[in-house]
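Here's the letter readout for the chains.
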Amino acid sequence: MEKEYGELTGEQFRKLVTALPELRKQQTDLRELVAKVPKTRIDQLLVANYNWSIWYELSFFEHLAVVVDAFGKVDYLKMVLELPDPQQKLIDDIHLDIDCDSNPSTDIPNPRYEMQTLIGLAFSLQRTILSIMLFQQTLSGLVQQVREDDNIDALFNVVRIDRAAVACPPIADRIARAEICNDKRFFIRLRNALKGPQKKHWAGYCDLRYSLFALRELGFDKLSDDQLEKLLVHTLKVYPDNAGARKNLRRQYQLSKKIKTI
């Protein structure tokens, strides 16, 4: 079956985007769940060397591959890839997983991974999804910009999304350099970044940013104004239907195509 957007039909794209609000809610749920765990149990789970920022030095797909292996999803993924439309199966299962009562997970984590590693992988994947929603970029992509381009804005965006990332070697090195140089401006910005995402980052359009990221990953870099409006306004409904929609979407689309991915 020929699909409008490479591996996705318009309807499949829409169903993928409709899952995003629940994914955002699950990030809050994870924090609330951890807050209820007694300190003694946390001490038992997190022993040593459990910082997960090392995963941000991998590419996004390498990161995903580790997650799939660690959570016992390799056989499931092999089964899905043999289906006529694997994307439809994955999207259907995402929506089933949202309703945990109707589809309790039977996957057994890979015993080669310690529990503290599984916790870190779960948290790092959630943080990466949040990064896509806010900056149209994975944390791996942002860390690459810090490592290869000494991009300070990227560094602070990483820390806004995940404060544990200060231990990621390219970021830790840049902090050390700022300490050696007594770069006071750097540490003022670092302090602000440690407060987390600002209101301007959350102010609407998280689903639009995620959609533009998906288009970029699917290789769609030549959509017309008509195609952009049809997809983002009418099919996905991630942008309001107003007089300035085409012009604004074109600008956002052009900016998105310039973002490096990894």
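Okay, so let's go over this structure. The structure displayed is predicted, hence computed values, not measured ones.

Brief notes about the overall build of the protein
Counting secondary structure elements, the protein contains 15 helices and 0 strands. By the compact-globule yardstick of 18 Å for 262 residues, the protein fits well, its C-alpha radius of gyration being 20 Å. Expressed along its principal axes, the backbone C-alpha trace of the protein runs to roughly 50 × 45 × 30 Å. Every one of the 262 residues in the protein was classed for burial, and the buried ones make up 40%. Intrachain contacts of the protein at a sequence separation of at least 6 include 72% that bridge at least 24 residues. Of the roughly 14900 Å² that the protein leaves accessible, carbon and sulfur atoms contribute 55%. Here the protein carries 38 positive and 36 negative side-chain charges, and the mean point of each set is 8 Å from the other.

Points about the packing of helix H10 (residues 169–180) against helix H11 (residues 184–193)
At their nearest, the axes of H10 and H11 sit 8 Å apart, and the two run at 135° to each other. What the angle tells us is that H10 and H11 run oblique. Counted together, Arg174, Ile175, Ala178 and Glu179 of H10 and Phe186, Phe187 and Leu190 of H11 form the full contact between these two elements. Here the residues of the contact of H10 with H11 sort into 5 nonpolar, no polar and 2 charged.

Some thoughts on the environment of Val74
Examined against the element boundaries, Val74 turns out to sit in helix H5 (residues 74–81). Val74 sits in the partly exposed class, given a relative accessible area of 31%. For the pair formed by Val74 and Val34, sequence separation is 40 residues and the distance between their alpha carbons is 27 Å. Discounting chain neighbours no more than four positions away, the residues touching Val74 are Val68 and Asp69.

Some details on unusual backbone geometry
If you check the backbone angles, Asn49 has positive phi at about 55° while not being a glycine. By the secondary structure assignment, Asn49 is in the loop between helix H3 (39–45) and helix H4 (60–70). For Asp150, which is not a glycine, the phi torsion comes out positive at approximately 50°. Within the secondary structure layout, Asp150 lies in the loop between helix H8 (139–149) and helix H9 (152–161). Overall, Asp150 belongs to the partly exposed group, its relative accessible area being 33%.

Examining the nonpolar core
Ranked by internal contacts, the top residues of the largest apolar core, which has 62 residues, are Phe13, Ile171, Phe186, Leu215 and Leu232. Considering each element in turn, this core owes the most residues, 9 residues, to helix H7 (residues 115–135). With residues near it in sequence (within four places) discarded, Phe186 still touches Ile152, Leu155, Phe156, Arg174, Ile175 and Ala178.

Points about helix H1 (residues 10–18)
Every α-helix carries 3.6 residues per turn, so stepping three or four residues along brings you back to the same face. Of all the residues in H1, the buried ones are Gly10, Gln12, Phe13 and Val17. Seen from one end, H1 has its buried residues packed into an arc of 165°, which puts them on one side.

Some words on the pattern of salt bridges
Counted by the stated rule, this structure contains 14 salt bridges. A salt bridge links Lys3 to Asp85, with the nearest nitrogen and oxygen atoms 2.6 Å apart. Note that Lys3 is positioned in the segment before H1 and Asp85 in the loop between H5 and helix H6 (86–98), a separation of 82 residues in sequence. The two residues Lys3 and Asp85 agree in class, both being buried.

Points about the packing of aromatic side chains
A ring pair, where both rings are aromatic, is described by two values, the distance of the centres and the angle of the planes. Considering all chains together, one arrives at 9 aromatic pairs under this definition. Look at Trp52 and Phe123: their rings are 4.9 Å apart centre to centre, the planes differ by 45°, and that puts the pair in the tilted class. Residue Trp52 is found in the loop between H3 and H4, and its partner Phe123 is found in helix H7; the two are separated by 71 residues along the sequence. Residue classification places Trp52 among the buried residues on the basis of a relative accessible area of 17%. Ring centres of Phe186 and Phe187 lie 5.3 Å apart, and the angle between their planes is 85°; on these two criteria the pair is classed as edge-to-face. Joined through ring pairs, the aromatic side chains of Phe60, Phe61, Tyr210 and Phe213 make up one cluster.

Calculation notes
- Residues numbered from 1 in each chain as written.
- Predicted model: local features only at pLDDT ≥ 70, side-chain atom pairs only at ≥ 80, totals over all residues.
- Heavy atoms only, no water.
- Helix = DSSP H or I, 4+ residues; strand = E, 2+ residues; numbered from the N terminus.
- Rg over C-alpha atoms; globule rule 2.2 N^0.38 Å.
- Buried < 20%, exposed > 50% of the residue type's maximum accessible area, 1.4 Å probe, protein only.
- Contact = heavy atoms within 4.5 Å.
- Areas by Shrake-Rupley, 256 points an atom, 1.4 Å probe, with all protein chains shown as cover.
- Lys, Arg positive; Asp, Glu negative; His and termini not counted.
- Charge placed at Lys NZ, Arg CZ, Asp CG, Glu CD.
- Axes fitted to C-alpha atoms, helices over the stretch in contact; angles between N-to-C directions.
- Parallel < 35°, antiparallel > 145°, perpendicular 65-115°, else oblique.
- Nonpolar A, V, L, I, M, F, W, Y, C, P; charged D, E, K, R; others polar.
- Core = buried A, V, L, I, M, F, W, Y, C linked by side-chain atoms within 4.5 Å.
- Arc of directions from axis to C-beta.
- Salt bridge = Lys/Arg side-chain N within 4 Å of Asp/Glu carboxyl O.
- Phe/Tyr/Trp six-rings, centres within 6.5 Å; stacked < 30°, edge-to-face > 60°.

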